[in-house]
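Below are the chains, spelled out letter by letter.
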Amino acid sequence: MMMDNTLSVGDVARRSGVAVSTLHYYEEKGLIQSLRTQGKQRRYHRSILRRVAIIRIAKQAGISLRIIKSHLEKFPTREVSPSDWQQMSSEWRAMLNERILSLTQLRDKLDSCIGCGCLSLRDCPLRNPEDKLGEEGPGARILEEERQS
């Protein structure tokens, strides 16, 4: 390890608990940035450890790398501060609460569906949600209309 404020990719991997290949992937996706030595070796500022920790936490919560990246892009050249984290986690909390509500509603629909056992294409909101054409009866409505034109 160098004596300045930089860490090698191996040091970051050991300290963050993330594989070297994962760090390379995060860099390829624009989530983290490295500096290069004259010998083309990657070096990371020590603040990268917090950024990698944020990525790991967000991924564990099921947040996509695309969303993580959009939040981290707000501070590309500086360390993520506690207030930055507070703002990100608040936005992610709202998104996760929506997902929890949606999954709870799906679970409750599954319970009633398992109770009836029909899985009807005509009536089941899980198999055929928001089916407007089905209200007109069986058959291919759109194709019939196209032929008549």
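Residues numbered from 1 in each chain as written. Predicted model: local features only at pLDDT ≥ 70, side-chain atom pairs only at ≥ 80, totals over all residues. Heavy atoms only, no water.

> Got a minute to help me understand the overall build of the protein chain in this structure?
For the protein chain, the helix and strand inventory stands at six helices and three strands. Going residue by residue from the N terminus, the α and β elements of the protein chain occur as β-α-α-β-β-α-α-α-α. Residues counted as buried form 27% of the 149 residues belonging to the protein chain. Across the protein chain, contacts joining residues at least 24 apart in sequence account for 50% of those joining residues at least 6 apart. Here the protein chain has roughly 10600 Å² of accessible surface; of this, 52% comes from carbon and sulfur atoms. (Helix = DSSP H or I, 4+ residues; strand = E, 2+ residues; numbered from the N terminus. Buried < 20%, exposed > 50% of the residue type's maximum accessible area, 1.4 Å probe, protein only. Contact = heavy atoms within 4.5 Å. Areas by Shrake-Rupley, 256 points an atom, 1.4 Å probe, with all protein chains shown as cover.)

> So what exactly am I meant to see when it comes to the nonpolar core here?
Proteins that are soluble and globular tend to have nonpolar side chains buried together. Leu23, Ile32, Ile68, Leu72 and Trp92 are the most contacted members of the largest nonpolar core, which has 24 residues in total. For this core, the secondary structure elements donating two or more residues are helix H1 (9-16), helix H2 (20-28), helix H3 (48-60), helix H4 (65-72) and helix H5 (82-116). In terms of residues, this core owes the most to one element, H3, which gives six residues. Dropping the residues within four chain positions of it, Ile32 is found in contact with Leu23, Tyr26, Glu27, Tyr44, Ile48, Arg51, Val52 and Ile55. (Core = buried A, V, L, I, M, F, W, Y, C linked by side-chain atoms within 4.5 Å.)

> What should I look at first to understand the sheet that holds strand E1 (residues 6-8) in this one?
Strand pairs in the sheet, formed through backbone hydrogen bonds, run parallel or antiparallel to each other. Strand order across the open sheet formed by three strands is E1-E3-E2, with antiparallel pairing between neighbours. Two strands bound the open sheet, and with one partner strand each, they are E1 and strand E2 (35-36). Bridging between E2 and strand E3 (residues 42-45) involves two bridges; their strand directions are antiparallel. What sits directly across from Leu35, in E3, is Arg43. Here H1 sits on the sheet and contacts E1 and E3; the angle it forms with E1, its principal contact strand, is near 90 degrees. (Pairing = 2+ DSSP bridges. Axes fitted to C-alpha atoms, helices over the stretch in contact; angles between N-to-C directions.)

> Would you mind going over the environment of Trp85 with me for this structure?
The residue Trp85 is located in helix H5 in this model. For Trp85 and Arg51, which are 34 residues apart along the polypeptide, the C-alpha to C-alpha distance reads 10.0 Å. Residues in contact with Trp85, not counting those within four places in the same chain, are Ile54, Ile57, Val80 and Trp92.

> Just checking my understanding: could you explain the pairing of E3 for this structure?
If a strand is regular, its side chains alternate between the two faces of the sheet. Of the pairings in the sheet, the one linking E1 to E3 comprises three bridges and is antiparallel in character. Bridging from a neighbouring strand, Ser8 pairs with Arg43 of E3.

> Can you help me understand H3 in this one?
Because each turn of an α-helix spans 3.6 residues, side chains separated by three or four positions in sequence point in the same direction. In a regular helix each residue adds 1.5 Å, so 13 residues correspond to 18 Å; H3 covers 18 Å between its end C-alpha atoms and thus fits that length. Two residues or fewer past H3, Gly62 is found with a positive phi of approximately 85 degrees. (Expected span 1.5 Å × (residues − 1).)

> Any chance you could explain the pattern of salt bridges here in plain terms?
Evaluation of the coordinates by the stated rule reveals six salt bridges. For Arg36, the salt bridge goes to Glu27, with nearest N and O atoms at 4.0 Å. Its relative accessible area of 17% is what places Glu27 among the buried residues. Through salt bridges that share partners, Glu27, Arg36 and Arg42 make up one connected network. (Salt bridge = Lys/Arg side-chain N within 4 Å of Asp/Glu carboxyl O.)

> Help me out: how do you make sense of H4 in this one?
Among the residues making up H4, those that are buried are Ile67, Ile68, His71 and Leu72. The buried residues of H4 occupy an angular sector of 135 degrees when projected down its axis, which confines them to one face. (Arc of directions from axis to C-beta.)

> For this particular structure, what's the right way to read the environment of Arg42?
Topologically, Arg42 is positioned in strand E3. Residue class for Arg42 comes out partly exposed when judged on its relative accessible area of 21%. The spatial distance from the C-alpha of Arg42 to the C-alpha of Leu7 is 8.5 Å, given a sequence separation of 35 residues. Not counting chain neighbours up to four residues away, the residues in contact with Arg42 comprise Leu7, Ser8, Val9, His24, Glu27, Ser34, Leu35 and Arg36. There is a polar contact of 2.9 Å between the side chain of Arg42 and the side chain of Glu27. (Polar contact = N/O pair within 3.5 Å; in protein donor to acceptor, adjacent residues only side chain to side chain.)

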